[in-house]
Amino acid sequence: MRNGQNGATVPTVAFRNVTKRFGEVVAANGLELEIRSGEFLSFLGPSGCGKTTALRMIAGFEQPSEGDVLIDGTRVNELPAYRRPVNMVFQSYALFPHLNVARNVAYGLLQRSPRPPRTEIDRRVAAMLDLVQLRGFENRRIWEMSGGQQQRVALARALINEPKVLLLDEPLAALDRKLRRDMQIELQNLQRRVGITFILVTHDQEEALSMSDRVCIMRDGGIVQQGTPADLYDRPVNRYVADFVGKSNFFAGTVLTARGGGAVIELDGGGTVTAGRTGEGLSLLPGDAVSVAVRPEQIVLARREDALPAGGAATISARVQNRIFLGEHIEYLLRSETLGEFLTLAPRRSELTERPFEAGEAVFAAFSTEAALVLGSE
Amino acid sequence: MAAAAVERGGKGVTALLVGPAATFFLLLLVLPLAVVVLYSFGERAPAGGYAPAFTFENYLNLASRGQAFLNTLMMAPVGTLLCAVVAYPMAYYLAVKASPRWRTLLLVLIIVPFWTSQLLRIYAWLLILGSKGVPAYLEMIGIEGVRLVNTRFAVLVGMVYGYLPLMIFPIYVSLERLDKRLLEASADLGANPARTFWQVTLPVSLPGVATGSLLVFILLMGEFIIPALLGGGKVFFIGNALVDLFLQSRNWPFGAAVAVSMVLVMLASIVAYMRFVLSRGGMRQQPLV
Amino acid sequence: MADDNKPITRKDFIHELLRYRRGSVSRRHFLGVTGLGLATAVLGNAMPGLRPRKAWAAGELGDTLNFTTWPNYFDQANLDQFTKDTGVNINVTVFGSNEEMLAKLQAGGTGWDVFVPTNYTISTYKSLNLIEPLDLSRIPNFIEADHDPRFIGEAKIDGAIYAVPKDWGTTGYVVNTAKVKGEMTTWKEFWDRTRGDLSGLVMVHDYQLTTIGNALKYFGYSFNSIDPKELADAEKLLIECKPHLFAINSDYQPAIRAGDAVMSVAWTGDATQLQRDMPEIAYVLGREGGEIWTDFYAIPKGAPNPAAAYAFIDFMLDPAVNAREVQAHGYPSTDKRTNALVPKEMLENPILYPAQELLSALEFGAAATLTDPLRAEIMARFKSA
């Protein structure tokens, strides 16, 4: 990870036990977080989880009720937004409707005192529009631009100020799926090129996972888990994270024996599973009620039991309820007598050698010990 | 989509939909206007009224009402401007600063005086500006001989007072609709509150100011009660000239000519004004009304 | 009125505002101050002889009467009495000038039942076919012999009577003697001092007949002149005086009461009423002459409810009713029988009954002034200058 120029490890943004209340509602509850220079960090969570409040406290639109917000090691609780070295890309962009593209982008420079010379402003606006590939659009009106173009104007308007931190509040929510994919890549590339700290707020797990160095999963004003996208996907600390980050099947059961990282679980529906992994911070005792989480893509399907790979954690006989074509994958909804409904995801290339399963067909499913993760039951 | 629906319904439906409005316009706007234009080329009947003729005499005589045209064309814009200057801070307070709990009450309070007759409210100003009103108080602090009533100043006060709500409400609406994130964006980009006001709030709410100004301007151009009462018949508007020509001199043809000229002058001012406002840009996005 | 320049109190403010609202003259105020209101009300109800004679069955006369008159020119108690007796509700509309009344009638569709034209307009109404001869058998309270013929002459055309007299009066000017020094006796002084030491404190009517007429008197011309040269002189004088005027408005009582104006062209009744409240007000008839006039009741052609119109006129001409009217508006009646019931101090008031030598210099308005295009245009030019 990159550090500040002076080599010291002062975080660019830090929350120190930050709580924010709106009347009775606690929007942020004892947040502790350090964001390093040059990092791409996401706050991920459903609406109302406090992610936007956290972002707005960095921008200066909200003041913490308790605790401190620090930028470059300096407490900024009372510093008004217009004095902070951060810039924001707003949800639906908040571009100035009465100004053209060039003047929107130049806005931040024009607020400086002393105001930079005209030629300097023109040069930097042109450079910014180059960066977001909007050269030639200088005199366009905002409402003449498409959603994706507006998004890039908003980016240019924020980045021209060379902020220490760029805040992005659901920046892609208003775009269609295809454009959103493209913009995700563009944003990531941009961040690498400009080397500015990006803080993204989103409710879209795919967006957070695909772009960020680090993701904070939030719930009810608190951070549930933070880590790299792979950490969160592979090692969720609880069902909430496992469910929020990717899809997961949960099978309820009781601990029979626990040993090392793994455990043998007796499933409520019948049969046992040998789970190879346990959620972080969870210590298991026999008799504990738990959930066994298995990712759909970890479950293998076969028409004959002997066609399944050996050494699985469990073998389940089930019937195909439904088949969903997803392009590169096929998702099956299955139903077993003992475990109820669960999902699997199979790559389509297997179709080339084997015809896909039909609804109503009886199949056998299996997953490896390593694929089974024991989590708390709630 | 609406157009498509009409298309499907066929021409009969279109006629049915447009018919009432078209009839309304034809009977109540176009026809009377045509009559006025026709009259304007006629002659005054011996005992007053209209006698058919074809003469440009009435138009050639317009110069005799030059002062009234001049008064109207000077005072209506000035009154509109003053109205906007006074209304804006009030609308701003209502839309931005006032707590929502009080806002409705305050809005109602602005309208309440207008439930009483305009005449009575103007009379009240006659007393306030009359010698036992403001001048008497000025005298108490040693400023003597101030006369306010029957001056241009009094007429302006009356005009601003009389039309203030028409200015406040459109501005209020445009400020109330103003996306608060634009203000945050401006602050985020380094503009302090004062600069944000001048660079964002004011320009974005200009359509409201334009709407209010247009409403007030049009009504002020036709105003005659306020100059008659607070101007004491000395500050004379086109409206007063028209009232005189129709109700006193009974010179309908000349009155018609003055009316036609007033409509033309008003249209020209409105077109000029709209051009100016539109050229300032940013106005097309939000509808003017 | 020693405290003339003191700021208006809140109570006075409301009072003055209501005065405006009713029209410049406060009828109730007037009656309240004089005590006449109470007296006439008591008398009217107590003495059967003063009650109108005829009784009407409900609905016989329809239910509404549209009465068009001048502001504060009637006693509301009389109108209420008529409604009580007949079941006819009266809608009152007030006008500011004869020209305005004529303009409305010319435009047509007024729906008026009774209106109050001034003497010099009647021949024009007749020639424009806007009024018809009255059926005097339906107005028994009008006894021609009881009226001075010089007041009612113009209502009689070719032997037919087109209107019956309401009251008469003069047009002079009121002066606030507490503020205007020196005796005023002529129109020449009126106009000269308007341009001189009284600049900004004088009012004239928004009415061509009196404003142009009295400007003509400055030069010694006839009040009724339509001679273009003479009118040109009058226009020059008016335009010269315009910047010095306080206002051009027939509603001059409020400004005089407030002290905003100290002199104004005025009619008899307004002068009477002003003097009741402000003893320092004097009423001057210019020695050069000026206007004397009579107002009449008339029924427009096509009146929607002529039966009620006749009943109403007859009611108003009942001497007892008419005497109450005189005390309310302060204009003298032309009717001997009415005058017999008017208090003596009113009959001796020189405002109502000026000295004979002043009266004899006055002229009745001439019909030609009503329709003369030049007078109308001069008035309009004067106002728009």
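Here the structure is a predicted model, which is why all the values come from computation and not from measurement. (Residues numbered from 1 in each chain as written. Chains lettered and ligands numbered in written order. Predicted model: local features only at pLDDT ≥ 70, side-chain atom pairs only at ≥ 80, totals over all residues. Heavy atoms only, no water.)

Draft legend 1. The arrangement of helix H5 (residues 98-107) of chain C in detail. All names here are of chain C. Across the 10 residues of H5, seven count as buried, placing the element largely inside the fold. Among the residues of H5, those classed as buried are Asn98, Glu99, Glu100, Met101, Leu102, Ala103 and Leu105. Where H5 ends, the next residue or the one after it, Gly108, has phi of about 90°, a positive value. (Buried < 20%, exposed > 50% of the residue type's maximum accessible area, 1.4 Å probe, protein only. Helix = DSSP H or I, 4+ residues; strand = E, 2+ residues; numbered from the N terminus.)

Draft legend 2. Layout of the interface of chain B and chain C. Taken together, the contact between chain B and chain C spans 39 residues of the former and 43 residues of the latter. Ranking the residues of chain B by area buried against chain C places B:Leu127, B:Lys132 and B:Lys234 at the top, with a combined share of 20%. Here chain B is connected to chain C by two salt bridges. A salt bridge links B:Arg65 to C:Glu377, with the nearest nitrogen and oxygen atoms 3.0 Å apart. Across the contact surface, chain B and chain C share 14 residue pairs in polar contact (both at pLDDT 80 or more). (Contact = heavy atoms within 4.5 Å. Buried area = accessible area lost by both parts, 1.4 Å probe. Salt bridge = Lys/Arg side-chain N within 4 Å of Asp/Glu carboxyl O. Polar contact = N/O pair within 3.5 Å; in protein donor to acceptor, adjacent residues only side chain to side chain.)

Draft legend 3. The arrangement of the side chain of A:Asn238 in detail. Residues and elements named next belong to chain A. With respect to the helices and strands, Asn238 occurs in the loop between helix H7 (229-234) and helix H8 (239-244). You can call Asn238 buried: its relative accessible area is 15%. What Asn238 contacts, discounting residues up to four positions off in sequence, is Val224, Leu375 and Glu378.

Draft legend 4. The sheet that holds strand E2 (residues 25-35) of chain A, seen in detail. All names here are of chain A. With antiparallel pairing, the four strands of this open sheet are ordered in space as E2-E1-E4-E5. Where the open sheet ends on each side, the last strands, each with one partner, are E2 and strand E5 (74-75). Here strand E1 (residues 13-22) runs beside E2; their pairing, made up of seven bridges, is antiparallel. Residue pairing for E2: Val13 is matched across the bridge by Ile35. Docked against the sheet, helix H1 (residues 51-59) engages E1, E2 and strand E4 (66-71), running at close to 115° with respect to E1. (Pairing = 2+ DSSP bridges. Axes fitted to C-alpha atoms, helices over the stretch in contact; angles between N-to-C directions.)

Draft legend 5. Inspection of unusual backbone geometry at higher detail. Residues and elements named next belong to chain A. Backbone torsion omega between Ser113 and Pro114 reads 0°, so that peptide bond is classified as cis. One can find Pro114 in the loop between helix H2 (101-110) and helix H3 (118-131). Positioned with a positive phi, Asp72 is a non-glycine residue whose angle comes to about 50°. In this structure, Asp72 sits in the loop between E4 and E5. Phi at Asp220 is positive, roughly 50°, even though this residue is not glycine. On the secondary structure map, Asp220 appears in the loop between strand E9 (214-219) and strand E10 (222-227).

Draft legend 6. Region of interest: the domain arrangement of chain C. Residue and element names in this part refer to chain C. Domain boundaries in chain C define domain 1 (10-168 + 293-347) and domain 2 (169-292 + 356-384). In total, domain 1 and domain 2 occlude about 2600 Å² of area from one another, counting both sides; carbon and sulfur atoms represent 59% of this. Scanning the region where domain 1 abuts domain 2 turns up zero salt bridges. Here domain 1 is connected to domain 2 by eight residue pairs in polar contact (both at pLDDT 80 or more). Looking at the side of domain 1 that touches domain 2 element by element, the count peaks at four residues for helix H2 (residues 27-34). Residue classes in the side of domain 1 that touches domain 2 are distributed as 13 nonpolar, 13 polar and four charged. (Domains from an automatic or database assignment. Nonpolar A, V, L, I, M, F, W, Y, C, P; charged D, E, K, R; others polar.)

Draft legend 7. Main features of the packing of aromatic side chains. Tallied over the entire structure, the rule returns 40 aromatic pairs over all chains. Taking 5.4 Å as the distance between ring centres and 50° as the angle between the ring planes, the aromatic pair formed by A:Phe40 and A:Phe198 counts as tilted. Note that A:Phe40 is positioned in strand E3 (residues 40-44) and A:Phe198 in strand E8 (residues 197-202), a separation of 158 residues in sequence. Assigned by exposure class, A:Phe40 and A:Phe198 land together as buried. Between C:Phe151 and C:Phe364 the ring centres are 6.3 Å apart and the planes differ by 75°, which places this aromatic pair in the edge-to-face class. One end of the pair, C:Phe151, is in helix H7 (residues 149-152); the other, C:Phe364, is in strand E12 (residues 362-364), with 213 residues separating them in the sequence. Counting every residue linked through ring pairs, the aromatic cluster contains C:Phe67, C:Phe74, C:Phe82, C:Tyr297, C:Phe312 and C:Phe315. Sitting over the face of the ring of A:Phe250, A:Arg239 holds its NZ or CZ atom 4.4 Å from the ring centroid. We note A:Arg295 situated over the ring of A:Tyr233; from NZ or CZ to the ring centre the distance is 3.9 Å. (Phe/Tyr/Trp six-rings, centres within 6.5 Å; stacked < 30°, edge-to-face > 60°. Lys NZ or Arg CZ within 6 Å of the ring centre and 35° of its normal.)

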